[in-house]
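Examining the three-dimensional arrangement
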Amino acid sequence: MADERSEKTPSYEQAREELTEVVRRLETGGLTLEESIELWERGEKLAALCEEWLQGARVKLAAAMAQRRQSDSVGDTPF
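All of the points below concern the structure found in this document. (Residues numbered from 1 in each chain as written. Predicted model: local features only at pLDDT ≥ 70, side-chain atom pairs only at ≥ 80, totals over all residues. Heavy atoms only, no water.)

With that settled, the discussion passes to the overall build of the protein chain. What the protein chain contains, in helices and strands, is 2 helices and 0 strands. Here the contacts in the protein chain between residues at least 6 apart in sequence split such that 68% fall between residues at least 24 apart. Per element, the accessible surface of the protein chain, about 6,500 Å² overall, is 54% carbon and sulfur. (Helix = DSSP H or I, 4+ residues; strand = E, 2+ residues; numbered from the N terminus. Contact = heavy atoms within 4.5 Å. Areas by Shrake-Rupley, 256 points an atom, 1.4 Å probe, with all protein chains shown as cover.)

Structure, rendered in structure tokens:
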């Protein structure tokens, strides 16, 4: 997944941290309507990015689990 992304795309951890900061700033208030809208839009993009990272991790985990089940069924367990 990381190799499919440009160098400017944040990691999951970076996106989650920035999203947390966006939420904190929105909850704190004191922003203009325009600033709030810009932050909201950035938050939506970050949330979507985090979901993409998580979905990719789910796919990799499912593939690894399927491979292990397949290995276990033919008696090639590594243990």
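As a further point, take the nonpolar core. In terms of nonpolar packing, the biggest core is built from 7 residues, these being A15, V22, L39, L46, L49, C50 and W53. Among the elements of the structure, helix 1 (12-28) and helix 2 (33-73) are those that each provide at least two residues to this core. Aside from chain neighbours lying at most four places away, what touches V22 is L39, R42, G43 and L46. (Core = buried A, V, L, I, M, F, W, Y, C linked by side-chain atoms within 4.5 Å. Buried < 20%, exposed > 50% of the residue type's maximum accessible area, 1.4 Å probe, protein only.)

Moving on, we get to helix 1. Helix length check: helix 1 (17 residues) gives 24 Å between terminal C-alpha atoms against 24 Å at 1.5 Å per residue, within 8%. Of the residues flanking the end of helix 1, it is G29, one or two places downstream, whose phi is positive at about 80 degrees. (Expected span 1.5 Å × (residues − 1).)

A word on a negative patch on the surface. A surface patch of negative charge is lined by E34, E35, E38, E41 and E44. Among the structural elements, E35 can be located in helix 2. Relative accessible area serves as the criterion here: at 36%, E35 is assigned to the partly exposed category. (Patch = residues over 30% accessible without salt bridge, like charges linked within 9 Å, V, L, I, M, F, W, Y side chains within 5 Å. Salt bridge = Lys/Arg side-chain N within 4 Å of Asp/Glu carboxyl O. Lys, Arg positive; Asp, Glu negative; His and termini not counted. Charge placed at Lys NZ, Arg CZ, Asp CG, Glu CD.)

Before going further, it helps to spend a moment on the pattern of salt bridges. Considering all chains together, one arrives at 3 salt bridges under this definition. The salt bridge partner of E21 is R24, with a shortest N-O separation of 2.5 Å. Of this pair, E21 and R24 both sit in helix 1, 3 residues apart, which is roughly one turn of the helix. The class of E21 is partly exposed, set by a relative accessible area of 35%. Look at R24 and you get partly exposed, because its relative accessible area is 43%.

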